[in-house]
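One letter stands for each residue in the lines below.
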Amino acid sequence: MANAIRFYETGGPEVLRYEEVSVGEPGPGQVRLRHAAVGLNYADTYFRNGTYPIPLPNGLGVEAAGVVEAVGEGVTSVAVGDRVTYTGFINTLGAYSTERLIPAAPLIKLPDNISCETAAAMTMRGLTAAYLMRRIHDFKPGDSILLHAAAGGVGLIVAQWARLLGLTVIGTVSSDAKGELARAHGCDHIIDYSREDVATRVRALTGGAGVDVVFDSVGKSTFMGSLDSLKRRGLMVCVGTASGPIEGFNPQLLAMKGSLYLTRPALADYIADPAEKTALANELFDHVASGRIKIEINQRYELQDAAAAHRDLEARKTTGSSVFVI
């Protein structure tokens, strides 16, 4: 029998249950996948607490890596024995499991020099960093960015990628230890938002001009400060709402603060085209395999400890990437 985390009602981490499940054989277009490692992402908490509504009972998790054990009718993109990784949204929900059935379409074959554990730690975060760096804005050497949650999983990858592109990176963190980690991965300047006003410090660091782009994964508590950190005609990229959803605002505010641009992208729309997903994944894998980008797996959990992992995540006790080791 396989095991999986399931939940029957929305709520806090205590609603998560570790259960035995029957997997069965893959149907048309499906594979049976044995997981080696499963990714832990902040988005998982949104499914659990009801921010992202889904039918219940249900599984949890949207990212994992493992080995294909069986393929269903019509599957030609992968074969038994292939090492694969995946990420997604509703179409991949149920990753918190030792084995599962999953559509073959989201699966990405892993190169030999990328381990399953590394893949589970970076597929969602790495592809997010890839589209932020390569699709959102036409970055040029010397451009500047403000990167919130710079010591988080996405933040550490973005900071390293930005350094490769010759950007100046200002990262926000909540402690000295996180600041040291972010600086070691490419941040040129660190702002401790628990002690400093972010926008004031950004203006001081940029000679009053502000940054070209803000990547804000925090949301409600940082939104206005992020807008105030941008230069004229700068770009605000809302990539998460860890502190809560951004409340409605008058678009005229963007004009008043310098004809700013605002976007709220989603990874799903940047990997929907198989060719674009492959291109982004290949670039990511190449950077990681070469050592130009390092994936920091700073927390490892057993699958049955999912509730504890969620508590750590929501308490901001984690840095870098977290995985469940199967």
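Since the structure is predicted, the reported quantities are computational estimates derived from the model, not experimental observations. (Residues numbered from 1 in each chain as written. Predicted model: local features only at pLDDT ≥ 70, side-chain atom pairs only at ≥ 80, totals over all residues. Heavy atoms only, no water.)

J.: Honestly, helix α8 (residues 274-290) in this entry has me stumped. Any pointers?
T.: Along an α-helix, residues three or four positions apart point the same way, because every turn accommodates 3.6 residues. The first and last C-alpha atoms of α8 sit 24 Å apart over 17 residues, in line with the 24 Å expected at 1.5 Å per residue. Listed in full, the buried residues belonging to α8 are K277, L280, A281, L284, F285, H287 and V288. On an axial view of α8, the arc spanned by its buried residues comes to 160°, and they lie on one face. Where α8 is buried, its residues touch β6 (83-87), β8 (108-109), α2 (116-134) and α3 (153-164). Two or three places before A275, at the start of α8, stands the capping residue D273, its side-chain oxygen 3.1 Å from that residue's backbone nitrogen. G291 occupies a position one or two residues after α8 and carries a positive phi of about 90°. (Helix = DSSP H or I, 4+ residues; strand = E, 2+ residues; numbered from the N terminus. Expected span 1.5 Å × (residues − 1). Buried < 20%, exposed > 50% of the residue type's maximum accessible area, 1.4 Å probe, protein only. Arc of directions from axis to C-beta. Contact = heavy atoms within 4.5 Å. Polar contact = N/O pair within 3.5 Å; in protein donor to acceptor, adjacent residues only side chain to side chain.)

J.: Quick question: what am I supposed to make of the layout of surface pockets here?
T.: The method is simple in principle: a probe with the dimensions of a water molecule rolls over the atoms, and the space it marks as empty is what remains. The calculated volume of the largest pocket comes to roughly 1,200 Å³. Considering the residues around the largest pocket, the lining is formed by 46 residues, among which Y42, A43, V154, S217 and V239 are closest to the centre. Those elements that provide at least two residues to the lining of the largest pocket are α1 (42-49), α2, α3 and β10 (168-173). In terms of residues, the lining of the largest pocket owes the most to one element, α2, which gives five residues. (1 Å grid on protein atoms, 1.4 Å probe; cavity = no way out; pocket = protein on both sides within 12 Å on 5 of 7 lines; lining within 4 Å. Points joined across faces, edges and corners; volume = space filled by probe spheres on them.)

J.: Sorry, what's going on with the pattern of salt bridges here?
T.: Two side chains bearing opposite charge may form a pair once their charged atoms approach each other closely. Within the structure shown, the criterion is met by 18 salt bridges. Linking D138 and K140 is a salt bridge whose minimum nitrogen-to-oxygen distance equals 3.5 Å. Taking the relative accessible area as the measure of exposure, K140 reaches 46% and is therefore partly exposed. Between K220 and E247 there is a salt bridge, and its shortest N-O distance comes to 3.3 Å. Of the two residues, K220 sits in the loop between β12 (211-216) and α6 (223-227) while E247 sits in the loop between β13 (230-238) and α7 (252-256), which places them 27 residues apart along the sequence. For K220, a relative accessible area of 45% translates into the label partly exposed. Residues joined in a network through salt bridges with shared partners are E25, R32, R34, E69 and E99. (Salt bridge = Lys/Arg side-chain N within 4 Å of Asp/Glu carboxyl O.)

J.: What exactly am I supposed to notice about the sheet that holds β10 here?
T.: Backbone hydrogen bonds are what pair the strands of a sheet, in a parallel or an antiparallel way. Judged by pairing direction, the sheet is parallel, and its six strands sit side by side in the order β11-β10-β9-β12-β13-β14 without closing on themselves. Both outer strands of the open sheet, β11 (189-192) and β14 (261-263), are each paired with one neighbouring strand and no more. Across the sheet, the mean angle separating the axes of adjacent strands is 15° when strand polarity is ignored. Strand direction decides the pairing type here: β13 and β14, joined by three bridges, are parallel. Looking at β14, one finds that L235 is bridged to Y261. Across the face of the sheet, helix α4 (residues 176-184) comes into contact with β10 and β11 while running at roughly 160° to β11. (Pairing = 2+ DSSP bridges. Axes fitted to C-alpha atoms, helices over the stretch in contact; angles between N-to-C directions.)

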